[in-house]
Amino acid sequence: MRILLIRHGDPDYVNDTLTEKGRREAALLAKRAVSMNMGECYKSPLGRAKDTAAPCLEVTGKTAEILDWLQEFPAQVDLNKNPELEKAYPDVKKEGGYFLPRIAWDMVPGYWTEHEAYMDKNTWRETEVAKNSDLVEVYDHVIEEFDRFLAEHGYVREGAHYRVEKESDETVTFFCHFGISCVLLSHLWNVSPFVLWHCLALAPTSVTEVVTEEREQGTAYFRGLKVGDISYLYAGGEEPSFAARFCEIYSNKEQRH
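Remember, it's a predicted structure, so these values are computed and weren't measured experimentally. (Residues numbered from 1 in each chain as written. Predicted model: local features only at pLDDT ≥ 70, side-chain atom pairs only at ≥ 80, totals over all residues. Heavy atoms only, no water.)

Visitor: Kindly report on the packing of aromatic side chains, identifying the contributing residues and their values.
Guide: The description of an aromatic ring pair rests on the distance of the ring centres and on the angle between the ring planes. Following the criterion strictly, the structure yields 17 aromatic pairs and no others. Consider the rings of Trp 69 and Phe 149, whose centres lie 6.3 Å apart with planes at 65°: the pair is edge-to-face. Remark: Phe 149 occurs in helix α5 (residues 135–152) and Trp 69 occurs in the loop between β5 (64–66) and β6 (76–77); sequence separation between them is 80 residues. Phe 149 gets classed as buried once you look at its relative accessible area, which sits at 5%. (Phe/Tyr/Trp six-rings, centres within 6.5 Å; stacked < 30°, edge-to-face > 60°. Helix = DSSP H or I, 4+ residues; strand = E, 2+ residues; numbered from the N terminus. Buried < 20%, exposed > 50% of the residue type's maximum accessible area, 1.4 Å probe, protein only.)

Structure follows, in structure tokens:
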């Protein structure tokens, strides 16, 4: 089985759509769509993912089913329960003297790298961020839905691998987001999602490809063939978007801080 994870194009988050650059990126992606053999297609319910999928679906004549659990990973942390966590989120905003909800997984490296529990595939669930957010609940919901999806395609989660109930050489394509892609990969690879959230930067419209390996009959594991591929942007003369990245050097005020 082959899974393609395609991140949305350069985002206009305010209007939940794509910027003009994002639309150029999606158009270049569509030129590669037929040769990618996308198979069955699925998409996030959010506009920026739908708008990225649209050109690919048009050129291939495909449709895409909306899967609610493919939306950008929505877990939020409540710093009012533990103000010490402000060290992890120095840009958190206040209103009426209270901290506003904050995306749980997007924290500064100076915090999470000093707490090894975030790096472990099990102990991240016991961290202060997990205790003061809906992180674990949302994560478990997503991977439960993901495993249900894979089981319907013949691969049943069994411990840390998948039992093959029905061999499959099909491809499925998910048009989705960076955060949720890291969640799905963390589950397939049995690693902490924090490692992927903070060690990968999957550029807008990038394609990540994972495939099953069945070295022992009936036992499958997913391995990555491509992670964050944007070769078609370079081929089309389009510089990759900086979205999902932060400044390389702090003094560069033109890059995102």
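Visitor: Residue-level account of unusual backbone geometry, with values.
Guide: Backbone geometry places Asn 190, a non-glycine residue, at a positive phi of 60°. Mapped onto the elements of the fold, Asn 190 is located in the loop between α6 (178–189) and α7 (193–199). For Ala 244, which is not glycine, the phi torsion reads 90° and is therefore positive.

Visitor: So, the nonpolar core: which residues are in play, and what are the values?
Guide: Formed by 54 residues in total, the largest nonpolar core has its most connected members in Phe 73, Leu 135, Leu 150 and Phe 174. For this core, the element with the highest residue contribution is α5, accounting for 9 residues. Apart from the residues lying within four places of it in its own chain, the contact partners of Phe 174 are Ile 3, Leu 4, Leu 5, Ile 6, Tyr 42, Leu 67, Trp 69, Leu 70, Phe 146, Phe 149 and Leu 184. If you look at the next biggest cluster of nonpolar residues, it comprises 19 residues, including Leu 4, Ile 6, Cys 41 and Ala 203. (Core = buried A, V, L, I, M, F, W, Y, C linked by side-chain atoms within 4.5 Å. Contact = heavy atoms within 4.5 Å.)

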